[in-house]
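Chain by chain, the residues:
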Amino acid sequence: MPLFLWENNDYDPKDLTAGMFRNSILVMVFKHVFTSPSSALQDQPKQTKMKGLQAKRNKMTSVMAGSIAYTCVQYRHAILTITDWRVEDWLFDRDEFYDAIVKMFNDGKDDDPDWVKDTFEWWNA
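My aim in this report is to walk through the structure given alongside it, one point at a time. Source: prediction; values computed, not measured.

**Digging into unusual backbone geometry**
Then, number 1: Phi is positive for N8, which is not a glycine, with a value near 55°.
Then, number 2: Mapped onto the elements, N8 comes out in the segment before helix 1 (24-34).
Then, number 3: On the basis of relative accessible area, N8 is assigned to the exposed category, the value being 66%.
Then, number 4: Positive phi values are uncommon outside glycine, yet N9 reaches one of about 55°.

Next comes the structure, spelled out in structure tokens:
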């Protein structure tokens, strides 16, 4: 998994899930995509001028595996120099990346339910 999934690219090779997806930049990207661009720079939610927030349009009431995965895909694309949207770039497949993230959460329900629960609680706080 790319280093940007961890805050300050800091991960523990002995415990890869420790701190994974708990990156403040990912939260900003999530807010930008699902609430409003201006909310990405705010600590506390405020009323925005947006007519229809993506989260509201999609009836999202909490952050889930798919929205975290989508956020990660969007962030990875944003930090690249590639100017078009394609499934594969060099050796990276964005669909596989998205699916791998969702699978981590789905498999984690059996393998490491505390990590899944803690990660969702962190995102939904």
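**Quick notes on helix 1**
Then, number 1: Listed as buried for helix 1 are L26, V29, F30 and F34. Along the axis of helix 1, the buried residues cluster in a sector spanning 110°; they form a single face.
Then, number 2: With a side-chain oxygen lying 2.8 Å from the backbone nitrogen of I25, the N-terminal cap of helix 1 falls on N23.

**Let's talk about a negative patch on the surface**
Then, number 1: Among the surface-exposed residues, D10, D12, D15, D110, D111, D112, D114 and D118 lie close enough to one another that they form a single negatively charged patch.
Then, number 2: Broken down by secondary-structure element, the contributors of at least two residues to the negative patch are helix 4 (94-111) and helix 5 (113-124).
Then, number 3: With respect to the helices and strands, D114 occurs in helix 5.
Then, number 4: Since its relative accessible area comes to 53%, D114 is described here as exposed.

**Notes on a nonpolar patch on the surface**
Then, number 1: Residues L3, Y11 and L16 make up a contiguous nonpolar surface patch of about 270 Å² in total accessible area.
Then, number 2: Of note, L3 is situated in the segment before helix 1.

**Structural notes on helix 4**
Then, number 1: The end-to-end C-alpha distance of helix 4 is 25 Å, a good match for the 26 Å that 18 residues give at a rise of 1.5 Å each.
Then, number 2: Of the positions making up helix 4, those classed as buried are R94, F97, I101, V102, F105 and G108.
Then, number 3: For helix 4, the side-chain oxygen to backbone nitrogen distance between the N-cap and D95 is 2.9 Å, and the N-cap itself is D93.

**With respect to the pattern of salt bridges**
Then, number 1: For the structure shown, the criterion picks out 3 salt bridges.
Then, number 2: Between D95 and R94 there is a salt bridge, with the nearest N and O atoms lying 3.6 Å from each other.

**Quick notes on the side chain of T119**
Then, number 1: Position of T119 relative to the elements: it lies in helix 5.
Then, number 2: Apart from the residues lying within four places of it in its own chain, the contact partners of T119 are M20, F21, R22 and F105.

**Structural notes on the packing of helix 3 (residues 65-78) against helix 4**
Then, number 1: Running from N to C, helix 3 and helix 4 cross one another at 145°; their axes reach a closest spacing of 9 Å. Relative to helix 4, helix 3 is oriented so that their crossing is right-handed. In this structure, helix 3 contributes A65, G66, I68, A69, Y70, C72 and V73 to the contact, and helix 4 contributes R94, F97, Y98, I101, V102 and F105.
Then, number 2: Split by residue class, the contact of helix 3 with helix 4 holds 11 nonpolar, 1 polar and 1 charged.

**Concerning the packing of helix 4 against helix 5**
Then, number 1: Closest axis-to-axis distance for the helix 4/helix 5 pair is 6 Å, and the angle between their directions is 130°. Looking at the two axes, helix 4 sits oblique to helix 5. Residues M104, F105, G108, K109, D110 and D111 of helix 4 form the contact with helix 5, whose own contacting residues are P113, W115, V116, T119 and F120.
Then, number 2: Broken down by class, the residue content of the contact of helix 4 with helix 5 amounts to 6 nonpolar, 2 polar and 3 charged.

The rules we used
Residues numbered from 1 in each chain as written. Predicted model: local features only at pLDDT ≥ 70, side-chain atom pairs only at ≥ 80, totals over all residues. Heavy atoms only, no water. Helix = DSSP H or I, 4+ residues; strand = E, 2+ residues; numbered from the N terminus. Buried < 20%, exposed > 50% of the residue type's maximum accessible area, 1.4 Å probe, protein only. Arc of directions from axis to C-beta. Polar contact = N/O pair within 3.5 Å; in protein donor to acceptor, adjacent residues only side chain to side chain. Patch = residues over 30% accessible without salt bridge, like charges linked within 9 Å, V, L, I, M, F, W, Y side chains within 5 Å. Areas by Shrake-Rupley, 256 points an atom, 1.4 Å probe, with all protein chains shown as cover. Salt bridge = Lys/Arg side-chain N within 4 Å of Asp/Glu carboxyl O. Lys, Arg positive; Asp, Glu negative; His and termini not counted. Charge placed at Lys NZ, Arg CZ, Asp CG, Glu CD. Expected span 1.5 Å × (residues − 1). Contact = heavy atoms within 4.5 Å. Axes fitted to C-alpha atoms, helices over the stretch in contact; angles between N-to-C directions. Left-handed = near helix turned anticlockwise from the far one by under 90°. Nonpolar A, V, L, I, M, F, W, Y, C, P; charged D, E, K, R; others polar. Parallel < 35°, antiparallel > 145°, perpendicular 65-115°, else oblique.

Just distances and angles here, no functional claims.
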